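# An overview of the molecular structure
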Amino acid sequence: MQFDAQWLLLALAPVFLACIAWEAWHLSRTRPRVASNDTPDSARYAWPDTLCNAALALMHQGADKLAWLVAIPVYAYVYRHFRLVSWQPGLVAWFALFIAQDLLYYVFHRASHRVRWLWAAHVVHHSSERLNFSTAFRQSLMYPVAGMWVFWIPLAMLGFTPEQIVAIVLVNLAFQFFVHTQTISKLGWLEYVFNTPSMHRVHHARNARYIDRNYAGVLAIWDRMFGSYVEEDAHDAPDYGIVKPLASCNPLKATFHEWLAMARDFARMPDWRSRLAALFAPPDWCERHDALGLASATSAASATAGTRCGVPENNTEGEFGSRSS
Ligand SMILES: [Zn+2]
Ligand SMILES: [Zn+2]
């Protein structure tokens, strides 16, 4: 009987759950319940957070199953009519597929932080203020709507079958489970080649020097090649979460809050140019747009009153530049 790659993540569920059980046990023995200033230790498990993560994983699995029903025929059509290469079955083909998909994952992930339409789905993964293995389960059922599957179409053009595409996408995602932990420190030379727990802790942090960095799936080389790599600094501990905290463990709120905010911004914008920007510009575009409007209004009012223009310091463009919401 042939194994259907679509079931890979569910087949690995016992491994994932065993890692979570070990990590929870290990943390309960080695780390304080409260880190400092009454702040909960961000590595430790808390039932509301962990249950929210589990619910999000199940919702994502259901949506993914439905999405493959649409995506696989598209990949098959492109593979049949537009493929540029025909591979001999074997290790070389799988290695080429792995490299190509990991590069496309980097592109998808970087775009997910810089295009609000994609961020509306991806924000779910970043909205917890804890980071442990269960954080890997925080995925969005809206990824198919956002269009994650579109990023894999080039693989069909490169001559890979739909079955191969589904398999490598899920292998990449399965690997990433293991980088969501604070129990493993830096891994020597592996840091130069692979996405590691240290590298991915930086990615989940909202500290100014860490935010929107380290987009790797499996290979670290893309971040180093394209200038998005930042090393974890022992003197600047990651502060996990998003700039505008979600403050909820409701999986529905986690899934839809940014879509609703985006819809509200779309509706209130005065013209089509800014409406499209509310959907497809960087996630902080609306804040910057509002701040500039406020600044112009303030300077106009100041000019009318005959006083010096006083733009509030925290409303300058630089305050919001390059930050995800
Ligand atoms: Zn991310
Ligand atoms: Zn992550």
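Residues numbered from 1 in each chain as written. Chains lettered and ligands numbered in written order. Predicted model: local features only at pLDDT ≥ 70, side-chain atom pairs only at ≥ 80, totals over all residues.

### Concerning helix H10 (residues 197-204)
With eight of eight residues buried, H10 lies mostly within the body of the structure. Three or more residues of H10 are buried, namely Pro197, Ser198, Met199, His200, Arg201, Val202, His203 and His204. Buried positions along H10 lie against helix H5 (116-126) and helix H9 (190-193). (Buried ≥ 20, exposed ≤ 12 C-beta atoms within 10 Å, placed from the backbone. Helix = DSSP H or I, 4+ residues; strand = E, 2+ residues; numbered from the N terminus. Contact = placed C-beta atoms within 7 Å.)

### Side note on the environment of Ser112
Within the element layout of this structure, Ser112 appears in helix H4 (residues 91-114). Classification of Ser112 as buried rests on a count of 25 C-beta atoms within 10 Å. Between the C-alpha atom of Ser112 and that of Met148, which follows or precedes it by 36 residues, the distance is 9.1 Å. Among residues more than four places away in sequence, those in contact with Ser112 are Leu118, Trp119 and His122.

### A few points about the UniProt feature "transmembrane region" (unreviewed entry) in the protein chain
Look at the UniProt record and you will see "transmembrane region" (unreviewed entry) annotated at residues 6-25 and 91-108. When the span residues 6-25 is considered, its composition is 85% helix and 0% strand, and the gap between its end C-alpha atoms is 31 Å. Counted over residues 91-108, helix gives 100% and strand 0%. Its end C-alpha atoms are 25 Å apart. (UniProt positions renumbered as here; feature names shortened; annotations may be inferred.)

### Considerations on unusual backbone geometry
Within the chain, Asp212 stands out as a residue other than glycine whose phi angle is a positive 55 degrees. In this structure, Asp212 sits in the loop between H10 and helix H11 (221-225). Judged by the 17 C-beta atoms lying within 10 Å of it, Asp212 is partly exposed. Here the phi dihedral of Asn214 falls at roughly 60 degrees; this positive angle occurs in a residue that is not glycine. Along the chain, Asn214 falls in the loop between H10 and H11.

### Here we look at the packing of H5 against helix H12 (residues 251-268)
It is the contact of H5 with H12, at a shortest axis distance of 7 Å, that shows an interaxial angle of 155 degrees. One element, H5, and the other, H12, form an angle in the roughly antiparallel class. Considering only the axes of H5 and H12, their crossing is right-handed. Residues Arg116, Trp119, Ala120, Val123 and Val124 of H5 form the contact with H12, whose own contacting residues are Ala254, Thr255, Glu258, Trp259 and Met262. (Axes fitted to C-alpha atoms, helices over the stretch in contact; angles between N-to-C directions. Parallel < 35°, antiparallel > 145°, perpendicular 65-115°, else oblique. Left-handed = near helix turned anticlockwise from the far one by under 90°.)

### Some points on the packing of H4 against helix H8 (residues 162-177)
With their axes 10 Å apart at the nearest point, H4 and H8 run at an angle of 60 degrees to one another. For the crossing formed where H4 meets H8, the hand is right-handed. Mapping the contact onto sequence places Leu97, Phe98, Gln101, Asp102 and Tyr105 in H4 and Gln164, Ile168, Val169 and Asn172 in H8. Per-class residue counts for the contact of H4 with H8 are five nonpolar, three polar and one charged. (Nonpolar A, V, L, I, M, F, W, Y, C, P; charged D, E, K, R; others polar.)

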